Amino acid sequence: MNLYDFIFYFFAALTIVSAFFVVTTKNIIYAAFNLLLTFFGVAGIYVLLGADFLAIVQLIIYVGGILILMLFGVMLTNKITNVQIKTEASFVIPASIGVGLFAGVLIAILLKTEWRNSPADIPISTLVPIGKLLMEEWAFVFILLGVLLLIALIGAASIARKE
Amino acid sequence: MIPTALEFQLLLPVLIIAAGILISLIIEMFSSKSEKILPWFSIALFVSTAYYSLLTVGHERIIFNSMLAAGGTANIFFFVFTFGAAIVTLISIDYIKKIGMYYGEYYILLQSAVLGMMLMANAQDLVMIFMGLEQMSVCFYILAGFNRKKIKSNEAAMKYFLLGAFATGFIVYGIALMYGVAQTMSIPAIANGLLIYSDNIIFVAGLLLFIIGFSFKIAAVPFHMWVPDVYQGSPTSITALMSTGGKAAAFSSLLIIFTPLFATTQSTLFQPYLVVIATLSMLLGSIVAIAQTDLKRMLAYSSISHAGYILIGVAAGSELGIASVIFYLSAYTFMNLGTFGIISMIENKDEGNLSLNDYSGLGNKKPMLAALLAIFMFALAGIPPFAGFFGKYYVFIAAIESNLTWLAIVGVLSSVISIYFYLRVVVVMYFQKDENILNVEDSSPALLGIMISALLVIVMGIAPGSIINLISNFVK
Amino acid sequence: MIPIEYYLSLSAFMFIVGVVGVLTRRNAIIVFMSIELMLNSANLTLVAFSSYLGNPIGQIFVFFVMTVAAAEAAIGLAIIISLFRNKKTVNIDEINILKW
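Residues numbered from 1 in each chain as written. Chains lettered and ligands numbered in written order. Predicted model: local features only at pLDDT ≥ 70, side-chain atom pairs only at ≥ 80, totals over all residues.

## Regarding the overall build of chain C
Counting its regular elements, chain C contains 3 helices and 0 strands. Starting at the N terminus and walking to the C terminus, you meet the elements of chain C as α-α-α. Classification of the 100 residues of chain C by burial places 72% in the buried group. Across chain C, contacts joining residues at least 24 apart in sequence account for 44% of those joining residues at least 6 apart. (Helix = DSSP H or I, 4+ residues; strand = E, 2+ residues; numbered from the N terminus. Buried ≥ 20, exposed ≤ 12 C-beta atoms within 10 Å, placed from the backbone. Contact = placed C-beta atoms within 7 Å.)

## Examining helix α6 (residues 139-160) of chain A
Every α-helical turn comprises 3.6 residues, leaving residues that sit three or four positions apart pointing alike. Its 22 residues place the ends of α6 of chain A 32 Å apart at the C-alpha level, agreeing with the 32 Å of an ideal helix rising 1.5 Å per residue. Burial in α6 of chain A covers these residues: Val141, Leu144, Leu145, Leu148, Ile151, Ala152, Gly155, Ala156, Ser158 and Ile159 of chain A. End-on, the buried residues of α6 of chain A take up no more than an arc of 160°, which puts them together on one face. For α6 of chain A, the exposed residues set more than 90 degrees away from the buried face come down to Ile143 and Gly146 of chain A. Packing partners of the buried residues in α6 of chain A comprise α5 (105-122) and α6 (126-144) of chain B together with α3 (57-87) of chain C. (Expected span 1.5 Å × (residues − 1). Arc of directions from axis to C-beta.)

## Considerations on the interface of chain A and chain B
If you look at the interface, chain A gives 14 residues, while chain B gives 24 residues. Ranked by the residues each element gives to the side of chain A that touches chain B, the list is headed by α6 of chain A, at 11 residues. Looking at the side of chain A that touches chain B residue by residue, the class counts come to 10 nonpolar, 3 polar and 1 charged. (Nonpolar A, V, L, I, M, F, W, Y, C, P; charged D, E, K, R; others polar.)

## Here's the deal with the interface of chain A and chain C
Taken together, the contact between chain A and chain C spans 71 residues of the former and 58 residues of the latter. At the level of elements, α1 (3-24), α2 (28-48), α3 (52-77), α4 (92-112), α5 (127-135) and α6 of chain A are the ones that each hand at least two residues to the side of chain A that touches chain C. Looking at which element gives the most residues to the side of chain A that touches chain C, the answer is α3 of chain A, with 14 residues. Considering only residue class, the side of chain A that touches chain C consists of 54 nonpolar, 14 polar and 3 charged.

## Structural notes on the confidence of the model for chain C
Caution applies to low-pLDDT regions: their predicted coordinates should not be interpreted in detail. The share of residues in chain C with pLDDT of 70 or more is 88%, and the mean pLDDT across the chain is 86. Among the prediction metrics, the complex's ipTM stands at 0.93, with pTM recorded as 0.92. (pLDDT = per-residue confidence, 0-100.)

## Focus on the domain arrangement of chain A
Split into domains, chain A comes out as domain 1 (3-125) and domain 2 (126-163). At the interface, 6 residues of domain 1 of chain A touch 4 residues of domain 2 of chain A. (Domains from an automatic or database assignment.)

## A short note on the packing of helix α14 (residues 295-316) of chain B against helix α18 (residues 387-401) of chain B
Residues and elements named next belong to chain B. Viewed as axis vectors pointing N to C, α14 and α18 meet at an angle of 35°, and their least axial separation amounts to 8 Å. Every pair of crossing elements has a handedness; the one defined by α14 and α18 is left-handed. Across from Tyr309, Ile312, Gly313 and Ala316 in α14, the residues of α18 making contact are Lys392, Val395, Ala398 and Ala399. When its residues are assigned to classes, the contact of α14 with α18 shows 6 nonpolar, 1 polar and 1 charged. (Axes fitted to C-alpha atoms, helices over the stretch in contact; angles between N-to-C directions. Left-handed = near helix turned anticlockwise from the far one by under 90°.)

## A short note on α1 of chain A
Residue and element names in this part refer to chain A. If you check α1, its first and last C-alpha atoms are 32 Å apart, about what 22 residues at 1.5 Å a residue would give, namely 32 Å. Buried within α1 we find Phe8, Phe11, Ala12, Thr15, Ser18, Ala19, Val22 and Val23. Within α1, the buried residues cover an arc of 150° as seen down the axis, which keeps them to one side. Away from its buried face, by an angle of more than 90 degrees, α1 presents the exposed residues Leu3, Phe6 and Ala13.

## Structural notes on unusual backbone geometry
What is expected of a backbone is that most residues other than glycine have negative phi and most peptide bonds are trans. All names here are of chain B. Each neighbour pair has its own omega, and for Val221 with Pro222 the value is 5°, a cis peptide bond. Relative to the helices and strands, Pro222 resides in the loop between α10 (201-217) and α11 (227-233). Cis geometry is found at the peptide bond from Pro384 to Pro385, where omega equals 10°. By secondary structure assignment, the location of Pro385 is in the loop between α17 (367-381) and α18. Its identity is not glycine, yet Ser66 carries a phi of approximately 50°, on the positive side. Checked against the element boundaries, Ser66 lands in the loop between β1 (61-63) and β2 (68-70). Taking the C-beta count within 10 Å as the criterion, Ser66 has 14 such neighbours and is therefore assigned partly exposed. Backbone geometry at Gln183 places phi at a positive 60°, although glycine is not the residue there. Here Gln183 is to be found in the loop between α7 (151-182) and α8 (187-192).

## Quick look at the nonpolar core
By size, the foremost hydrophobic cluster in this structure holds 288 residues, and its most contacted members are Val457 of chain B together with Ile75 of chain C. In terms of residues, this core owes the most to one element, α7 of chain B, which gives 21 residues. When we break this core down by domain, the ones giving at least three residues each are domain 1 (3-125) and domain 2 (126-163) of chain A. Beyond its immediate sequence surroundings of up to four residues, Val457 of chain B is in contact with Ala331, Phe334, Met335, Gly338, Ile375, Phe376, Ala379, Phe386 and Ala387 of chain B. (Core = buried A, V, L, I, M, F, W, Y, C linked by C-beta atoms within 7 Å.)

## Considering the environment of Met29 of chain B
All names here are of chain B. Mapped onto the elements, Met29 comes out in helix α2 (residues 12-30). Its 9 C-beta neighbours within 10 Å are what place Met29 among the exposed residues. Residues Met29 and Glu441 lie 412 residues apart in sequence; the distance between their C-alpha atoms is 30 Å.

## Some points on the environment of Asn353 of chain B
All names here are of chain B. As for its position among the elements, Asn353 is in the loop between α15 (319-346) and α16 (362-365). Accessibility expressed as a C-beta count within 10 Å gives 19 for Asn353, which makes it partly exposed. Those residues in contact with Asn353 that sit more than four places away from it in its chain are Ile346, Glu347, Asn348, Asp358 and Leu438.

## Thoughts on the packing of α18 of chain B against helix α20 (residues 444-462) of chain B
Residue and element names in this part refer to chain B. Two elements in contact, α18 and α20, have axes whose closest approach is 7 Å; the angle formed by their N-to-C orientations is 45°. Regarding the angle of α18 to α20, the classification is oblique. Listed contacts from α20 to Ala387, Phe389 and Phe390 of α18 are Val457, Met460 and Gly461. (Parallel < 35°, antiparallel > 145°, perpendicular 65-115°, else oblique.)

In structure tokens form, the structure reads like this:
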């Protein structure tokens, strides 16, 4: 097992285990911190796949943005003074059976298919090609993304404000 | 590649709305009279876009690095969305003041929701479909919860948001699997190799996940659990847009995906899935609607069963099927907008007057509104000569031509069931003694919007042949 | 070299964990976290394909998905807070003026 494989297994295990805990833990704060580890593991795998730009964006947006927002949500909706963080599960058995079937079929299909089995030459950095594509061919979508973010800001402010 | 001037010209409907959003923001920021200006500005925006879309309907072309389509069916959908949104704006003017939630953001969010719908209807790339869908959904999440002091509205927003984001997860994963096989996200490029990909189980699984995601958005059974709550809890004017424009936009994206598939020998690949959800939606929608006493909730179930009828047209998988889907969606849009418009006028400021009994004696007190509501109920039930009848007629014909006669029979059966709960409203209005005092505040803009919808419903019922011919011209 | 199946199975597993979370958990914030897991797994699939196919479009799409997810997170938290202000709970089972 070379170093590359070892790093993959490390991040994959980190991702799987923490993702599992996000869904099973009773404490919502633990869930949030496990989600942090999942995001971090996924970012590590992005680096292995040669997607350095996305790895950084993953850390900035998911860990730095979305997760912080969620922690704010947890803090604002559970009064710190009377810690009553109750989060039960329901429909566990029917959901597990259905999802188990789905999982089996999906993974069996993925493993059975013949894929091209070596990555293309991993570029030194994906920053330049992605930047060029975003500013040229995908400029229209990029601008739309700006509109979407603007609207999301306005909307979030308009329903969360007190008066 | 830099787009040419002609491409910008053909994209003008989208650009007008996009520019309108920014101008509305500036109006809202700087004008003290924005309360008066904004609604009429939005209406001007929507109507001019609708007019321009019809004007350029003949210029069919793929533009912007083959990311968007212009002309043809996309423009017909543009017309439905923008004209429908204009009617919704008319309905909203007095309604949102009545229930005490006037904020300028309302109209801005309405415009951006329409922008999202338009992008869904003319996308030629999976990325564009995703962007349009998210633009629309994000606006609807906010608008559903816009009446933020009412807990019902909060709940509706929450449920819509969680289920909507769940569906987005399916759609993105489906796109990922399709991309892995096809190595591209461009729909024309995927369409070229569709015959090869449709043997690839990963591609089919991806497409299926994508369609399941959209089944949430079109409110088909068994992905309908959010619909009654969200339609009931949201402000009525928003329910009107969600159940018409939102549904039409989701169907337009499904058609973009399905049209290339229908052209291949694999055209019946997803027929079993479509047939099952169509049957379930029609029957469950019609049967459960009978038990409802809240009018908005009843219309939510009716909306589920209409999704079922429209899915028959998609399952037929022929040119007539696609044309009939577009016809049905336009007819349904105007029928439903009118109905919700009347409900929003009768609703009082504490969200009362929504149950069926509150409509008793409406025929005496407000003969005009009662007559209009009767027209819409007849149209929704599919009674000739209104638009709803011909919508169902063409869909069923398409099904019979594609050897799905039994599905058409189920459709007819379900329409017969649905006549009961639609006509019950009419009976209550005209023949039931009124026990309660009904205070209906007059609103001339809303009445104008409702009358325009009624006019369109009648016109589509009188001249359905020429309209379906017009649509068929643009369905390849 | 790690074959692509490993990446795909990893992301399929994450996706399924996310779906299980959405279906079984009753706290709105945890349901939302599970949805983020689903989106992350879809992104992982896209990046794996993109890098094994040498095709940058997948990575561009992941960038869009991430940004949209951020916008959705902002909206979602705003909705959760406005609901909590009126109702003092984020437990989906207790949110039942409208039948679930």
